[in-house]
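# Report on the structure
This is what each chain is made of:
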Amino acid sequence: MLKKKDKYVVAVVGATGAVGNEMIEVLEQRNFPVEKIRFFASEKSEGKTLKFQESDIKVETLKEDSFEGIDIALFSAGAERSRIWAPIAAKSGCVVIDNSSQWRMDPDVPLVVPEVNAHDLSWHKGIIANPNCSTIQMVVVLKPIHDVVKVKRVVVTTFQSVSGTGKKAMDELLQQTADLLNFREIKCNVYPHQIAFNVLPHIDKFLENGYTKEEMKMVNETRKIMGDYSIRVTATTVRVPVFRGHSESINIETEKKITPEEVREILSKAPGIKLLDSVENNIYPLPITAAGKDDVYVGRIRIDESIENGINMWVVSDNLRKGAALNAVQIAEELLKMVN
Ligand code: L14
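Residues numbered from 1 in each chain as written. Predicted model: local features only at pLDDT ≥ 70, side-chain atom pairs only at ≥ 80, totals over all residues. Heavy atoms only, no water.

The strand order β9-β8-β10-β13-β12-β11 describes an open sheet built from six strands, whose pairing is mixed. Bordering the open sheet on either side are β9 (232-239) and β11 (273-275), each of which pairs with just one other strand. This sheet shows a mean twist of 25° between the axes of neighbouring strands, independent of strand direction. In this sheet, strand β10 (residues 246-254) lies alongside strand β8 (residues 151-160) in antiparallel orientation, the contact comprising eight bridges. (Pairing = 2+ DSSP bridges. Helix = DSSP H or I, 4+ residues; strand = E, 2+ residues; numbered from the N terminus. Axes fitted to C-alpha atoms, helices over the stretch in contact; angles between N-to-C directions.)

And the structure:
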């Protein structure tokens, strides 16, 4: 468990990846009280160094005793590495904030978005899970509305950028685009189909029920984070040729009636949210608005006239920031508040 200190020894596991890079940047930008930073990655990155606050830090590979002396470890190295290494790290007394899907639905692991359920951090046993990127930006918006009129059902369709998959996918989109513009043959290595100038209704693996794992994460994680298993959620997750920023069309059915004006009023006061909702001026959130920013942007708030109490909205956020690295660092900041 974390002890009160002025500064902490912090590790980033998966430091060379797209989310790892962003974690390093967010720690720097938010002036996280770092006594010492350590970077871990696979053998492929052995010998590399990465910058942290002007100094060059060498990238290490994980060993059984690597976590001794580390207070907080931010993991983003895939589910398999988290499965093996997070318990080892926790056993050494380090608090793990894990960005993979490995521990999210484990009943012994809190799944936390600070704006929604910071209170769940009180019962962690050494591992805390960072939710799925598409789930995070959705619950930030659902929670303040749920508190007022109770959300009964959610129908969500996502438009997800390639950076969620990582650097290789960003390279693939860029390369395919360049190849197509130059009348060359394209190669598909990361995704099963061409992603440039295309849309793929497929994120993560397909499951027995015909949904993708990404879709079921949105269903199950939403209920766990909101602490309300009566909320019904159905999702379609779609990959679009965008580098950074996930967009979502969210339809909600509420128990009590609510007008778009009331939704705007509630969301304008909610933490982590910025309203961009002025269609008369063509103002609504775009992935390029959200890229590199911390907030969850909401627009296109309107009545769903096909049901008694329905609202539609458009929600966009940077999947590497609030969807991953920023949320993880905010969890760490909450942990510090709890011991200070
Ligand atoms: O965190 O966009 O579970 O391909 C796994 C799939 C993150 C996004 C997770 C993608 C997701 C990723």
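Taken together, the residues surrounding the ligand are Ser101, Arg104, Asn132, Cys133, Gly164, Thr165, Glu214, Lys217 and Arg239. In the environment of the ligand, an oxygen atom lies 2.8 Å from a nitrogen or oxygen atom belonging to the side chain of Arg104. Lys217 is positioned such that a nitrogen or oxygen atom in its side chain is 2.7 Å from an oxygen atom of the ligand. Against a free-state accessible area of 320 Å², the protein chains account for coverage of 81% of the ligand. The pocket occupied by the ligand, as judged from atoms lying within 2 Å of grid points, is the largest pocket. Residues belonging to the shell around the ligand are distributed by class as follows: one nonpolar, four polar and four charged. (Near = heavy atom within 4 Å. Polar contact = N/O pair within 3.5 Å; in protein donor to acceptor, adjacent residues only side chain to side chain. Areas by Shrake-Rupley, 256 points an atom, 1.4 Å probe, with all protein chains shown as cover. 1 Å grid on protein atoms, 1.4 Å probe; cavity = no way out; pocket = protein on both sides within 12 Å on 5 of 7 lines; lining within 4 Å. Sits in = over half its atoms within 2 Å of the grid points. Nonpolar A, V, L, I, M, F, W, Y, C, P; charged D, E, K, R; others polar.)

Bringing the environment of Phe67 into the picture now. Structurally, the position occupied by Phe67 is in the loop between β4 (55-60) and β5 (72-75). The buried category is assigned to Phe67, whose relative accessible area is 0%. For the pair Phe67 and Ser92, spaced 25 residues apart in sequence, the C-alpha separation works out to 6.1 Å. Beyond its immediate sequence surroundings of up to four residues, Phe67 is in contact with Val13, Leu62, Ala73, Phe75, Trp85, Ala89, Ser92 and Cys94. (Buried < 20%, exposed > 50% of the residue type's maximum accessible area, 1.4 Å probe, protein only. Contact = heavy atoms within 4.5 Å.)

Ranked by internal contacts, the top residues of the largest apolar core, which has 56 residues, are Phe67, Val141, Ile145, Val154, Ile250, Ile252 and Met313. Of the residues forming this core, the biggest block, eight residues, is contributed by helix α4 (residues 133-149). Ranked by size, the runner-up nonpolar core spans 37 residues in total, among them Met23, Leu50, Val95 and Ile128. (Core = buried A, V, L, I, M, F, W, Y, C linked by side-chain atoms within 4.5 Å.)

Turning our attention to the sheet that holds β4. The strands making up a sheet are joined through hydrogen bonds of the backbone, oriented either antiparallel or parallel. Strand order in the open sheet made by the seven strands is β3-β4-β2-β1-β5-β6-β7, with mixed pairing throughout. With partners counted over all chains shown, the strands left at the sheet margins are β3 (49-52) and β7 (127-129), one partner each. Each adjacent strand pair in this sheet contributes to an overall mean axis angle of 25°, direction not counted. Strand direction decides the pairing type here: β3 and β4, joined by four bridges, are antiparallel. Of the residues in β4, the one forming a bridge with Phe52 is Ser55. Here helix α2 (residues 79-91) sits on the sheet and contacts β5, β6 (95-98) and β7; the angle it forms with β5, its principal contact strand, is near 175°. Together, β1 (8-13), β5, β6 and β7 form the strand contacts of helix α9 (residues 321-339), whose direction differs from that of β6 by roughly 150°.

The next subject is α9. The end-to-end C-alpha separation of α9 is 25 Å, in line with the 27 Å expected for 19 residues at 1.5 Å each. At Asn327, α9 is deflected by roughly 40°, the largest bend along its length. (Expected span 1.5 Å × (residues − 1). Bend = angle between axes of the 7 residues up to and from the residue.)

Moving on to the pattern of salt bridges. Summed over all chains, the structure comprises 24 salt bridges. As a salt-bridge pair, Lys322 and Glu115 come within 2.8 Å of each other at their nearest N and O atoms. One end of the pair, Lys322, is in helix α9; the other, Glu115, is in helix α3 (residues 114-117), with 207 residues separating them in the sequence. Glu115 gets classed as partly exposed once you look at its relative accessible area, which sits at 22%. Taken together, the shared-partner salt bridges in this structure form one network comprising Glu22, Glu25, Arg30, Arg244, Asp294, Asp318, Arg321 and Glu333. (Salt bridge = Lys/Arg side-chain N within 4 Å of Asp/Glu carboxyl O.)

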